[in-house]
Amino acid sequence: MAKDMTLLWGSGSPPCWRVQIMLEEKKLQGYDQKLLSFEKMEHKSQEVLDINPRGQLPSFKHGNIVVNESYGVCFYLESQFKNQGTKLIPDDTDQQALMYQRMFEGLTFYDKVAAVIYYEYYVPEGERHDSAVKRNKEALDTELKLWEGYLQKLGAGSYLAGPSFTLADVVVFPTVANLFRFGLSAQRYPKLGEYYGLVKERPSVKASWPPHWLENPKGDEDTLKDV
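Residues numbered from 1 in each chain as written. Predicted model: local features only at pLDDT ≥ 70, side-chain atom pairs only at ≥ 80, totals over all residues. Heavy atoms only, no water.

**Comments concerning the packing of aromatic side chains**
Working step 1: Inspection of the entire model under this criterion finds 14 aromatic pairs.
Working step 2: On the numbers, 4.7 Å between centres and 15° between planes, the contact of phenylalanine 109 with tryptophan 147 is stacked. In this pair, phenylalanine 109 is assigned in helix H4 (residues 93-117) and tryptophan 147 in helix H6 (residues 130-154), connecting sequence segments 38 residues apart. Accessibility assignment for this pair places phenylalanine 109 and tryptophan 147 in one class, buried.
Working step 3: Ring geometry for phenylalanine 180 and tyrosine 196: centres 4.9 Å apart, planes at 20°, overall stacked. Here the residue phenylalanine 180 occupies a position in helix H7 (residues 167-181), and tyrosine 196 occupies one in helix H8 (residues 190-199), the gap between them amounting to 16 residues.
Working step 4: The buried category is assigned to phenylalanine 180, whose relative accessible area is 13%.
Working step 5: The exposure class assigned to tyrosine 196 is buried, which follows from its relative accessible area of 16%.
Working step 6: What links up through ring pairs into an aromatic cluster is the set Trp17, Phe173, Phe180, Tyr195, Tyr196, Trp209 and Trp213.
Working step 7: Sitting above the plane of the tyrosine 110 ring, arginine 18 keeps its charged end 5.4 Å from the centroid.
Working step 8: We note arginine 102 situated over the ring of tyrosine 150; from NZ or CZ to the ring centre the distance is 3.5 Å. (Phe/Tyr/Trp six-rings, centres within 6.5 Å; stacked < 30°, edge-to-face > 60°. Helix = DSSP H or I, 4+ residues; strand = E, 2+ residues; numbered from the N terminus. Buried < 20%, exposed > 50% of the residue type's maximum accessible area, 1.4 Å probe, protein only. Lys NZ or Arg CZ within 6 Å of the ring centre and 35° of its normal.)

**What to know about the pairing of strand S3 (residues 59-62)**
Working step 1: Relative to S3, strand S1 (residues 5-10) is paired through four bridges, and the arrangement is antiparallel. Each residue of the ladder has a partner; that of threonine 6, found in S3, is lysine 61.
Working step 2: Sheet topology note: the S3/strand S4 (residues 65-66) ladder contains two bridges and is antiparallel. Counterpart to histidine 62 in the pairing with S4 is isoleucine 65.
Working step 3: Taking the residues that link successive antiparallel strands as the turn, the S3-S4 hairpin has two residues, and the phi of glycine 63 there is positive, at about 65°. (Pairing = 2+ DSSP bridges.)

**Side note on the domain arrangement of the protein**
Working step 1: Split into domains, the protein comes out as domain 1 (5-80) and domain 2 (93-215).
Working step 2: Relative placement of domain 1 and domain 2: their C-alpha centres are 21 Å apart.
Working step 3: Between domain 1 and domain 2, the contact holds 17 residues from the first and 26 residues from the second.
Working step 4: When domain 1 packs against domain 2, the two sides together hide about 1900 Å² of surface, and 72% of this comes from carbon and sulfur.
Working step 5: The salt bridge partner of arginine 202 is glutamate 25, with a shortest N-O separation of 2.6 Å.
Working step 6: A total of nine residues in the side of domain 1 that touches domain 2 trace back to one element, the largest contributor, which is helix H1 (residues 14-25).
Working step 7: For the side of domain 1 that touches domain 2, the per-class residue count stands at ten nonpolar, four polar and three charged. (Domains from an automatic or database assignment. Contact = heavy atoms within 4.5 Å. Buried area = accessible area lost by both parts, 1.4 Å probe. Salt bridge = Lys/Arg side-chain N within 4 Å of Asp/Glu carboxyl O. Nonpolar A, V, L, I, M, F, W, Y, C, P; charged D, E, K, R; others polar.)

Structure, rendered in structure tokens:
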């Protein structure tokens, strides 16, 4: 089954990492994959555009089926392989509802993180303003306190939707990992720090850890040191 799958991806990209974690959790190793460089603009290559006309990564195919949005890939794989690997949508109604809530809040979370971490990448030099940087960091601080509170309420050792690892963790953990890569303080956000420490040891996460993070374990730790 996995041999019929193709994934074009970029190292460290949370959307790409979501799909890689998902494939590991569903025991779909052995798929055809290709690591592309954002810096070299390889995500705009014809190879990508043939699958994904937006010129974005991830780009994913299963046979003749194309699904490029990372959340869509995760839902598709859970639906198609629900009896294989980890069951990622809980049966318990309360946990399932919380999983969906945290999943889609994760999109806002990622946007707030990206606005700070990738500000200079997205905004041309002549359009950058200190006031925008300050505003983005304040918005991220507010968002982080929300997630810290969510984890506090669930208690020690919990995943985002309760005691089980779910789709919410698949899609949100890469965002959390980027936070700590870019210098977020685990002392300032201890519950997020505990959650990061818990999930980073999961086999699916270790197997898909961004290769350039392995080569250079230290990220740009000054970016979020004052958030």
